Amino acid sequence: MSAHVKVECLDCGYQAPYYPTSYTCPRCGSQWREARYDYETIGRTLLSLLPGRPFDLWRYRELLPVHGPNQVISLGEGGTPLIHAVNLGMMLGCSHIYIKDERQGPTASFKDRQAALSVAALKEAGITEAVLASTGNVAMAYSAYAARAGIKLWAFLTSLVPSEKMREVAIYGTQVVKVTASYDQAKQVAAEFARQRGLYLERGSRSIPSVESMKTIAFEVAEQLTGIFGPPSPSQNHSTTTTPWQSPDWYFQSVSGGLGPHGVLKGFDELHQMHLIDKVPAMANIQVEGCSPMVHAWKQGLEVAEPIRSPRTHIATLATGDPGRTYTLIRQRMLQGGKGTFESVTDEETYRTVHILAKMEGVSAEPAAAVAFAGLIKMVRAGMIKPSDVVVVNCTGHTMPIERVILGEGWARNLVVSSRDFQEVPEEGLLAALSRVTAERFPRIAIIDDLPDARRLIRRILQSQGDYTLFEASSGREAIDLAQREIPDLIILDLMMPEMDGFSVLDALKNDQRTAPIPVIVVTAKELTAEEKNRLEGRIHTLMQKGEFMNDELLDEVRALVK
Ligand SMILES: [Zn+2]
């Protein structure tokens, strides 16, 4: 097989050539092995090989366990965009948050990388039938690639997988087996089926192509951040030599079995070993609270994670109760690099974050992906992330479908046009019907801030979750004119503005009996002195600090003041 890669046993250190069909160390029988490359040579030559290659997964083929790109099965995997999360960053007070948008893969999750590389390796090895267990995304991704490669696939899915996802798996021609059991049990059933039939079994973190495919996320992130920030400057890391690529300070990912973070961390490690980046980022591995064996183990300083027998979460994709050795391997790598953590968030925090991402960033993420963002919000609020940190969050998958528990009811207006509406003049009948939907009077809110970005953020918060008539003013003078002319139901006021500041605006509003009763919410970036707080006392309803509130928190304040 590929001569440029060796597999090293993690138990006895024995190095052997790589064959996709060999699962164990020839010397000690261990199933835990890792790919090794000639890092010194590749480190010297990689940068000169990249120009002219497409920005996709195959760009880094020297560091992958296959001969090369397989045009026959490729669906355009990898090369996903790195999106600046401007609005989320403004709410959190961190201006360098980036979303690695893995939803934009061929089957809308980061598992496309795993499937593309694994199926390419299987094809090179001449394998035509394979078995896997999945909570949905792996099965969808493998099914698409297996279809192109001419490989028959057996997918063992737990009955918790939404039926829409199961149908998506089946449409590709995969044999779907619904297993009414936990995911860990479904994996055991699939393994036994593969053993009895002598078929290839996808083994997640124990499968060389699966781990290797995830590295490409790290490679792409480093290249993309370099495009944004340029190479790191020597002073940044107190070293005298510069590296060509930039690494984030933090990398966030949701964790189920741990394959993703395990592979991504290996990728950053390899880049560091080849002197292409100056540091390995701190890893933030986020689990859902009802199934967080790794978080428990990490917080207790344990080397081995205790399995959780019955996961208590509605997010089926993350319900791996037994992380096995993958946790231990991630922990070892993190302790060598010295940074990062494991953290957990609740189902409710996750659903709330699904809304934030969709409404504020235009990114519809599945709950399993939103877990990582919920972890980011939690860690920023705990003071663990510095405002200047460069943070990359893996948005691992698209939401499909939007579950009822996330959106609730009342998300659409019903417009029923009866034939009676059309009896006399059809146009008038239609307008009359429409007026039943639009006749409500919306509360009128004035947003006063000299910064266009700050006004946009507040406008977006209000327009995405409520029905308001909005006015905007960009200076104190304009604000007073606006308030006297429109008499809004509520004013949202910034304090720091040139010429006439928020304090003066407030004085003017309160001195005019027409505008004096209008409630005011102050949203400010300023640390207020005791004297300034006194000036606001009794004259405003709420004081909110910029960079320290989420969209729904501002909305709660607004809803309490206007109906
Ligand atoms: Zn061995």
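Residues numbered from 1 in each chain as written. Predicted model: local features only at pLDDT ≥ 70, side-chain atom pairs only at ≥ 80, totals over all residues. Heavy atoms only, no water.

Listed as protein donors to the zinc ion are Cys9 (SG), Cys12 (SG), Cys25 (SG) and Cys28 (SG); their distances from the metal cover 2.3 Å. Its four donor atoms give the zinc ion angles of 103 to 116° at the centre, a pattern that matches the tetrahedral case. The motif formed by the donor residues of the zinc ion, counted along the single chain, is C-x2-C-x12-C-x2-C. On the criterion of sequence distance, the pair formed by cysteine 12 in the loop between β1 (6-9) and β2 (15-17) and cysteine 28 in the loop between β2 and β3 (33-36) is long-range, its members being 16 residues apart. (Donors = N, O, S within 2.8 Å, 3.2 Å for Na, K, Ca; no water. Tetrahedral: all angles 85-135°; square planar, octahedral: opposite > 155°, others 65-115°. Helix = DSSP H or I, 4+ residues; strand = E, 2+ residues; numbered from the N terminus.)

A separate point is empty space enclosed by the protein. All chains considered together, the criterion is met by four cavities of 30 Å³ or more. Approximately 130 Å³ is the volume attributed to the largest cavity. Along its surface, the largest cavity is lined by 15 residues, and Ser22, Tyr23, Arg206, Ser207 and Ile208 are the ones closest to its centre. Listed by contribution, the elements that provide at least two residues to the lining of the largest cavity are β9 (200-201) and α7 (208-229). (1 Å grid on protein atoms, 1.4 Å probe; cavity = no way out; pocket = protein on both sides within 12 Å on 5 of 7 lines; lining within 4 Å. Points joined across faces, edges and corners; volume = space filled by probe spheres on them.)

A few words now on the environment of leucine 75. The topology assignment puts leucine 75 in the loop between α1 (39-49) and β4 (82-84). A relative accessible area of 36% means that leucine 75 is categorised as partly exposed. Once the C-alpha coordinates of leucine 75 and tyrosine 145 are considered, the two residues, 70 residues apart in sequence, prove to be 7.8 Å apart. If we ignore the near neighbours within four places in the chain, the residues touching leucine 75 are Pro106, Ala144, Tyr145 and Arg148. (Buried < 20%, exposed > 50% of the residue type's maximum accessible area, 1.4 Å probe, protein only. Contact = heavy atoms within 4.5 Å.)

With parallel pairing, the five strands of this open sheet are ordered in space as β15-β14-β16-β17-β18. The outermost strands of the open sheet, each flanked by one partner alone, are β15 (469-473) and β18 (542-545). With strand direction ignored, the average angle separating the axes of adjacent strands in the sheet is 20°. Strand direction decides the pairing type here: strand β14 (residues 444-448) and β15, joined by five bridges, are parallel. By the bridge assignment for β15, alanine 446 is matched with phenylalanine 471. (Pairing = 2+ DSSP bridges. Axes fitted to C-alpha atoms, helices over the stretch in contact; angles between N-to-C directions.)

All right, on to the layout of surface pockets then. The computed volume of the largest pocket comes to approximately 1,000 Å³. Forming the boundary of the largest pocket are 46 residues, of which Tyr183, Lys187, Gly257, Thr320 and Asp322 lie nearest the centre. Contributions of two or more residues to the lining of the largest pocket are made by α3 (111-124), β6 (129-134), α4 (137-149), α6 (183-197), β10 (250-254), α8 (259-273) and α10 (325-337). Broken down by element, the lining of the largest pocket gets its largest block of residues, seven residues, from α6. Here the lining of the largest pocket is composed, by residue class, of 16 nonpolar, 20 polar and ten charged. (Nonpolar A, V, L, I, M, F, W, Y, C, P; charged D, E, K, R; others polar.)

Taking 1.5 Å per residue, 22 residues should reach 32 Å; α7 reaches 33 Å between its end C-alpha atoms and fits that length. Taken across its 22 residues, α7 has 19 buried, putting it largely inside the fold. One or two positions beyond α7, positive phi appears at glycine 230, with a value near 80°. (Expected span 1.5 Å × (residues − 1).)

With 79 residues, the main nonpolar core has Leu63, Trp245, Phe268, Leu271 and Phe342 as its most contacted residues. Top element by residues in this core is α7. It accounts for nine residues. Setting aside its immediate chain neighbours within four residues, leucine 63 contacts Tyr37, Tyr39, Ile42, Leu46, Glu212, Lys215, Phe219, Glu270 and Met274. In this structure, Trp250, Tyr351, Ile521 and Val562 belong to the second largest nonpolar core, which totals 58 residues. (Core = buried A, V, L, I, M, F, W, Y, C linked by side-chain atoms within 4.5 Å.)

Among the five residues of strand β5 (residues 97-101), five are classified as buried, and the element is accordingly described as predominantly covered. Residues Ile97, Ile99 and Asp101 of β5 are buried on one face, and the alternating residues Tyr98 and Lys100, pointing to the opposite face, are buried as well. Relative to strand β13 (residues 391-395), β5 is paired through five bridges, and the arrangement is parallel. Counted as the bridge partner of tyrosine 98 is valine 392 from β13.

Looking now at the side chain of arginine 455. By the element assignment, arginine 455 lies in helix α15 (residues 452-465). Contacts of arginine 455, omitting those with residues within four sequence positions, involve Ile447, Asp449, Asp450, Glu472, Ala473 and Ser474.

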